[in-house]
Amino acid sequence: MVAVLTVAQRVTRTASGQKCNLLTHLVCAKHRREQSHHLYSHLSKTRILFQSLQKKKPETAMGNSGNINLLFGKKMENSPLAGFSFGGGTSGSLFGKDVNQEKIGAPTFSFTASVEKKEEIKGSEYKDENEEDSEEPPEPVVNEIKEEDAIFSKKCKMFYKKDGDFKDKGVGTIHLKPVADQKIQLLVRADTNLGNVLLNIMLHPSLPCTRTGKNNILIVCVPNPPIDEKSPDTALPILIRVKTTQDADELHKIITEKKAAL
């Protein structure tokens, strides 16, 4: 009898537990349905609100029609935030992005134009520098002093010997010209506007004169004007260099003939 009662109690407890579990399951299912219904309702309201906002989205004008500021799709012409923007734009919005910018695309920036302009400026400067470099400086105009009564006149370069070496005296023109008493003057004038005298002597029979080198003649005389102020009366070897061999031969011949005639 006791065993039968024990079995009956166990069956009763099992049935009670199953009934409780069933009730709990039903309550949970009802709660989930209510949550699903609430969520669906909330999503429907959100979708309807979004669609209404899309339909009421304003269109802003580009250009000189004035700046229209937008804040979440609403006009803010008289708002204290009008003109304030976190970014650049033609018709600015609060966050620097406009509806029309979405349509026409974001502005693009390029450094090509500035680089090309710099290259053009640099090229023009380089061209100006080359033009300046290519321009030759004007040659000084030298008014040569003519010796009208000269029997010989040639361009030359004059050297004098000192300390075993020939020193450059200057470039000029050598003239042989007759003077009084049938004498011959040897005159060298510098190629300057003043025609400074580099050498001015008289030929005499004992004047040494030799032909040397390709286009040179060598004479030994007391130079006038003096070359060495410390010893103005000392004779020095003077080298006269003309342009060609023929000029040197002609100069040497005339000097030799004129010396013999004295």
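Rules used in this analysis
Residues numbered from 1 in each chain as written. Predicted model: local features only at pLDDT ≥ 70, side-chain atom pairs only at ≥ 80, totals over all residues. Heavy atoms only, no water. Helix = DSSP H or I, 4+ residues; strand = E, 2+ residues; numbered from the N terminus. Buried < 20%, exposed > 50% of the residue type's maximum accessible area, 1.4 Å probe, protein only. Contact = heavy atoms within 4.5 Å. Pairing = 2+ DSSP bridges. Salt bridge = Lys/Arg side-chain N within 4 Å of Asp/Glu carboxyl O. Patch = residues over 30% accessible without salt bridge, like charges linked within 9 Å, V, L, I, M, F, W, Y side chains within 5 Å. Areas by Shrake-Rupley, 256 points an atom, 1.4 Å probe, with all protein chains shown as cover. Core = buried A, V, L, I, M, F, W, Y, C linked by side-chain atoms within 4.5 Å. Axes fitted to C-alpha atoms, helices over the stretch in contact; angles between N-to-C directions.

Examining the overall build of the chain
For the chain, the helix and strand inventory stands at four helices and nine strands. Each helix and strand of the chain, placed in order from N terminus to C terminus, yields the pattern α-β-β-α-α-β-β-β-β-β-β-β-α. For the chain, the proportion of its 262 residues judged to be buried stands at 23%. Across the chain, contacts joining residues at least 24 apart in sequence account for 46% of those joining residues at least 6 apart.

Some details on the pairing of strand S8 (residues 216-221)
As paired strands, strand S7 (residues 209-212) and S8 are joined by four bridges and run antiparallel to one another. By the bridge assignment for S8, arginine 211 is matched with isoleucine 217. Between the antiparallel neighbours S7 and S8 lie three residues, among them glycine 213 with a positive phi of about 70°. Bridge analysis of S8 against strand S9 (residues 236-242) gives six bridges, and the strand direction is antiparallel. Bridging across to S9, isoleucine 219 finds its partner in isoleucine 238.

Topic: the pattern of salt bridges
Where charged atoms of side chains with opposite charge meet at close range, the side chains can pair. The final tally for this structure, using the stated rule, is seven salt bridges. Arginine 189 serves as the salt-bridge partner of glutamate 147, at 2.8 Å between the closest nitrogen and oxygen. With a gap of 42 residues between them, glutamate 147 in the loop between helix H3 (112-134) and strand S3 (152-162) and arginine 189 in strand S5 (residues 184-190) connect regions that are remote in the sequence. A salt bridge links lysine 155 to aspartate 191, with the shortest nitrogen-to-oxygen separation between them at 3.2 Å. Of this pair, lysine 155 sits in strand S3 while aspartate 191 sits in the loop between S5 and strand S6 (197-202), and the two are 36 residues apart along the sequence. By relative accessible area, which is 45% here, lysine 155 ends up partly exposed.

Examining unusual backbone geometry
It is generally the case that most residues other than glycine have a negative phi and that most peptide bonds are trans. In this structure, the amide linkage connecting asparagine 224 to the following residue, proline 225, adopts the cis form with an omega of 5°. Here proline 225 shows up in the loop between S8 and S9. Even without glycine at this site, aspartate 163 takes up a positive phi of about 55°.

Comments concerning a nonpolar patch on the surface
Judged by side-chain polarity, Leu22, Leu23 and Leu26 come together as a nonpolar surface patch covering roughly 290 Å² of accessible area. Mapping leucine 26 onto the fold places it in helix H1 (residues 2-55). By relative accessible area, leucine 26 is classed as partly exposed at 48%.

Thoughts on the nonpolar core
Membership of the largest hydrophobic core comes to 28 residues, with the highest contact counts inside it found for Leu186, Leu199, Ile238 and Leu251. Of all the secondary structure elements, the ones that give two or more residues to this core are S3, strand S4 (165-178), S5, S6, S8, S9 and helix H4 (245-261). Once residues lying within four places of it in the same chain are set aside, the contact partners of leucine 199 are Met158, Leu186, Leu187, Val188, Ile219, Cys221, Pro223, Asn224, Pro225 and Ile238.

So, the side chain of glutamine 185
For glutamine 185, the location among the structural elements is in strand S5. Given a relative accessible area of 12%, glutamine 185 falls into the buried group. Excluding residues that lie within four positions of it along the chain, glutamine 185 makes contacts with His175, Leu176, Lys177, Val179, Asn200, Ile201 and Met202.

A few points about the sheet that holds S3
Within the open sheet, the seven strands sit side by side as S6-S5-S4-S3-S9-S8-S7. Their pairing is antiparallel. Unpaired on one side and paired on the other, S6 and S7 mark the two borders of the sheet. Strand after strand, the sheet turns through a mean of 30° between neighbouring axes, direction not considered. Here H4 sits on the sheet and contacts S3, S4, S5, S7, S8 and S9; the angle it forms with S7, its principal contact strand, is near 165°.

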